[in-house]
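Below, each chain spelled out in residue letters.
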Amino acid sequence: MLRSLYSGISGLRAHQTMLDVTANNIANVNTAGFKSSATQFQDTLSQMTKGATAGGGAAGGTNPAQIGLGTTVAGISTNFSQGSAQSTGKATDMMISGDGFFVTAKGGESLYTRAGSFNQDAQGRLVSADGAILQGWTAVNGVVATGGPTRDIVLSSQTVSPAKATTRATAGGNLPSESPVGTALVRDIRTYDATGTPSTLTVTFTRTATGWTADTPGSTGPSDLTFTDGKVDGTPALTAGGITVDLKALTGFTNMNSVAVTGQDGYSAGTLESFSLSPDGTLVGSFSNGMRANVGRVALASFANPGGLEKNGSSGYVATANSGAAVLGAAGSPGRGSLSAGTLEMSNVDLSQEFTNLIVAQRGFQANSRIITTSDSILEEVVSLKR
C-alpha cells in the first residue's frame, strides 16, 4: 500500500486531536481559573531510502534521502498565563494575582487549583464546589505560624476570641483648678477578669490644698496629683486589684471639667462574626466583643514546572514526577502572587485565537483527507491495469 495513505491517516488523527483540544478550550471559556491548552505536532519516523556519503578526492559527498511517514501529537501544553479578574463581592471568593495555586484536600488527596470560588459548609470549612477543602495554617492566640503542616481552614461561628483580664487603664482630661477644697469627682471604669466577667472600678478625684488626689477602693493608697502651668508633675499612676490606672495625661487648667476614663485593655470573650482577607493570605476575624484577630492564613503552592501538572477534573491539578513536589508558602513570598477577596480569576481562553485554531484544524483535516482520496485514485488506476 502507498505510504501516503498512512501519512494522511496520521494527519487526520493529529488534527482531530487539535480540534478536540480547541473545542475543550472554547467550552471552558467561562470556567473560573481554567487554563487553555495548545496542541503540538511533530513528524514521525522517516524511512531511509539513501544514506549520506562522505566526499572523496574524486567525488563530493551526498545527502541522505528520507521519506516521512506522517505526523503525530508531540504533546498538549497548558498555558498558565494570568486570567482576567471578575469582581463578585463575595467574601469567600479569592483570586491569585501572580503565580501559585490554592491547596485543597479531598478524600486524603492533595489537589491544586487556580479556581478560588469557595463556600462555607456546615462545619465552617471553606470548600470548593466539588467539596475539596481549602488548606492553610490556623492561628493560635492570633499568631499564625507558617511552614508547618497545613490543615482545613475553618471560619465557624463557634470560633472564640478568648477573654482578656484588664491590667491597665488610662484617664485623661482636665481637673478644674478653681474647684473648692474637698470637691470630689467620681469616674467609673468598666473592667474584666480573666473569664471575661465585667466589673466596675471607681476612681475618685478629690481636690486638695495643693492639687488633687486619685483613689479607688482596694488601692495601695491615694495618688497625689500636682500641676505646674496646668501640666501634671511626674508620671502618676494608681494601682488596685492588679490594675494600673495611668494618670499622666491629666491636666489642671481652670474653668474646664473634662476628666474621664479614656480606655482599658481588657475585654470579654467573643464569637466570630465576619472576616476579611489580606493580600498575604491572612484571614482576619471580627468578633462580637469588638476585637479583630488573625484566625488563619491561606497556603499557596508553587512548582518547579507547573506545565508538568496533571489535570484532575473540577479545575484541579495533581503533582506528577515532571512537575516536581509542591512547595508551600504564604502569598507574596517568592514564586507566589498576592491574594484578593471578592474577586475570581476567569478563564484565560482567547476566543479569537481559538476560532482561528478551529479553522486551521479544519483545513488541516481537509488537506489530509485529500491525500487519502488522491492515493485511493492512484491505487484504483493500478488495480485497473489488469483487465
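Note that the structure is predicted; figures quoted are calculated from it, not measured.

So, on to the overall build of the protein. The helix and strand tally for the protein stands at two helices and 31 strands. A globule of 387 residues ought to have a C-alpha radius of gyration of about 21 Å, yet the protein, at 38 Å, is considerably larger. Oriented by its inertia axes, the alpha-carbon framework of the protein measures out at about 140 × 60 × 35 Å. Nonlocal contacts in the protein, meaning residues at least 24 apart in sequence, comprise 62% of its contacts between residues at least 6 apart. Distance between charge centroids for the protein: 9 Å, based on 24 positive and 26 negative side chains.

Taken together, the side chains of I378, V382 and L385 make up a nonpolar region of the molecular surface, amounting to roughly 310 Å² of accessible area. Given a relative accessible area of 42%, I378 falls into the partly exposed group.

With that settled, the discussion passes to helix 2 (residues 351–383). The end-to-end C-alpha distance of helix 2 is 48 Å, a good match for the 48 Å that 33 residues give at a rise of 1.5 Å each. Looking at the buried positions of helix 2, the neighbouring elements they touch are helix 1 (3–27).

Counting across every chain of the model gives six aromatic pairs. Three or more aromatic residues joined by ring pairs form one cluster here, namely F80, F101, Y112, F303 and Y317.

Summed over all chains, the structure comprises eight salt bridges. Across the pair D130 and K106 runs a salt bridge whose closest N-O atoms are separated by 3.5 Å. Taken together, the residues span a long stretch of sequence, with D130 in the loop between strand 10 (126–127) and strand 11 (133–138) and K106 in strand 7 (residues 101–106) at a distance of 24 residues. Residue classification places D130 among the partly exposed positions, given a relative accessible area of 29%. Across the salt bridge formed by D121 and R125, the nearest N and O atoms sit 2.9 Å from each other.

The four strands lie next to each other as 15-16-17-18, forming an open sheet whose pairing is antiparallel. Two strands lie at the open edges of the sheet, namely strand 15 (184–192) and strand 18 (223–225), each paired on one side alone. Each strand of the sheet is rotated relative to its neighbour by a mean of 25°, with strand direction disregarded.

This next bit is on the environment of V349. Within the secondary structure, V349 is located in the loop between strand 31 (343–345) and helix 2. Overall, V349 belongs to the buried group, its relative accessible area being 12%. Note: C-alpha distance between V349 and V295 (54 residues apart in sequence) is 36 Å.

Cut-off values and rules
Residues numbered from 1 in each chain as written. Predicted model: local features only at pLDDT ≥ 70, side-chain atom pairs only at ≥ 80, totals over all residues. Heavy atoms only, no water. Helix = DSSP H or I, 4+ residues; strand = E, 2+ residues; numbered from the N terminus. Rg over C-alpha atoms; globule rule 2.2 N^0.38 Å. Contact = heavy atoms within 4.5 Å. Lys, Arg positive; Asp, Glu negative; His and termini not counted. Charge placed at Lys NZ, Arg CZ, Asp CG, Glu CD. Patch = residues over 30% accessible without salt bridge, like charges linked within 9 Å, V, L, I, M, F, W, Y side chains within 5 Å. Areas by Shrake-Rupley, 256 points an atom, 1.4 Å probe, with all protein chains shown as cover. Salt bridge = Lys/Arg side-chain N within 4 Å of Asp/Glu carboxyl O. Buried < 20%, exposed > 50% of the residue type's maximum accessible area, 1.4 Å probe, protein only. Expected span 1.5 Å × (residues − 1). Phe/Tyr/Trp six-rings, centres within 6.5 Å; stacked < 30°, edge-to-face > 60°. Pairing = 2+ DSSP bridges. Axes fitted to C-alpha atoms, helices over the stretch in contact; angles between N-to-C directions.

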